[in-house]
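Working through the structure, step by step
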Amino acid sequence: MVRPDLSIHPARMSLAEIETLWGGDADPLLPECTYDPELHTGPRLTVETSAERAAREAVAREVCATCPARLLCDQYALNTRPTFGIWAGRTAAEIDTHAQISELYEAMRSRAAQRLSGLEVA
């Protein structure tokens, strides 16, 4: 389920916000993308080849796989629909596709519920 109130990416949250959301008593780990943001978004000052980009994105996906903020990041990405980068192990295009499919599913589910509500059950 997507949380509409998640308006800030976990990497931008304060430690207090992270502790509140994660609810753990132990010291919270920071999201992995805070340590090397260009790994997830790409270089700012240079242009990368498609092979370099694919390699960087593969490493970013591996980093995301073990990140403690992955679920929060995924919710944030589904809410904001980023246009570039790796978010919770997925590209912006993959996130957009997932969001579109989810919206279509919810619309179909709602339509089916409306149709079934008008039927009498014997």
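Residues numbered from 1 in each chain as written. Predicted model: local features only at pLDDT ≥ 70, side-chain atom pairs only at ≥ 80, totals over all residues. Heavy atoms only, no water.

Digging into the overall build of the protein
Cut-off, in case you're wondering: Strands are runs of DSSP state E lasting at least two residues, helices are runs of H or I lasting at least four, and both sets are numbered from the N terminus onward. Relative accessibility thresholds used throughout: buried, under 20% of the residue-type maximum; exposed, over 50%; partly exposed, between the two (1.4 Å probe, protein chains only). Should any heavy atoms of two residues lie within 4.5 Å, those residues are considered in contact. Note on areas: Shrake-Rupley, 1.4 Å probe, and residue coverage restricted to the protein chains presented here.
The helix and strand tally for the protein stands at five helices and two strands. Starting at the N terminus and ending at the C terminus, the protein contains elements arranged as α-α-α-α-β-β-α. Evaluated residue by residue, the protein yields a buried proportion of 30% over its 122 residues. Within the protein, residue pairs in contact and separated by at least 24 positions form 45% of the contacts whose partners lie at least 6 positions apart. For the protein, the exposed surface amounts to about 8,600 Å²; the carbon and sulfur share of it is 58%.

A word on unusual backbone geometry
Despite not being glycine, Arg-81 shows a phi value in the positive range, around 50°. In this structure, Arg-81 sits in the loop between helix 4 (70-80) and strand 1 (86-87). The partly exposed category is assigned to Arg-81, whose relative accessible area is 26%. Backbone geometry at Ala-88 places phi at a positive 55°, although glycine is not the residue there. With respect to the helices and strands, the residue Ala-88 is situated in the loop between strand 1 and strand 2 (90-91). Of the residues examined, Ala-88 reaches a relative accessible area of 5% and is grouped as buried.

Some thoughts on the nonpolar core
How we decide: The nonpolar core is taken to be a set of buried Ala, Val, Leu, Ile, Met, Phe, Trp, Tyr and Cys residues, with the residues joined through side-chain atoms within 4.5 Å.
Core analysis: the largest hydrophobic core is formed by eight residues, namely Cys-73, Tyr-76, Ala-77, Leu-78, Trp-87, Ala-88, Ile-95 and Ala-99. Among the elements of the structure, helix 4 and helix 5 (92-117) are those that each provide at least two residues to this core. The element best represented in this core is helix 4, accounting for four residues.

Remarks on the side chain of Glu-57
Positionally, Glu-57 belongs in helix 3 (residues 50-65). The contacts of Glu-57, once residues within four sequence positions are left out, are Ile-86 and Thr-91.

Quick word on the confidence of the model for the protein
Rules: A score between 0 and 100, pLDDT records how confident the predictor is in each residue.
Scored by pLDDT, the protein has a mean of 81; 77% of the residues are at 70 or more. When mean pLDDT is compared element by element in the protein, strand 2 scores highest at 94, while helix 1 (residues 15-22) scores lowest at 67.

Quick word on the state of the cysteines
Counted only if it meets this: The criterion for a disulfide is a pair of cysteine sulfur atoms lying within 2.5 Å.
The final tally for this structure, using the stated rule, is zero disulfides. Of all cysteine sulfurs in the structure, the one in Cys-73 sits closest to Cys-33, which takes part in no disulfide; the separation is 5.9 Å.

Focus on helix 5
An α-helical turn contains 3.6 residues, so any two residues separated by three or four positions project in the same direction. Keep this limit in mind: Expected span of a helix, by definition, is 1.5 Å for each gap between consecutive residues, and there is one gap fewer than residues.
Its 26 residues place the ends of helix 5 37 Å apart at the C-alpha level, agreeing with the 38 Å of an ideal helix rising 1.5 Å per residue. For helix 5, the full list of buried residues reads Ala-92, Ile-95 and Ala-99. Contacts from the buried residues of helix 5 go to helix 4, strand 1 and strand 2.

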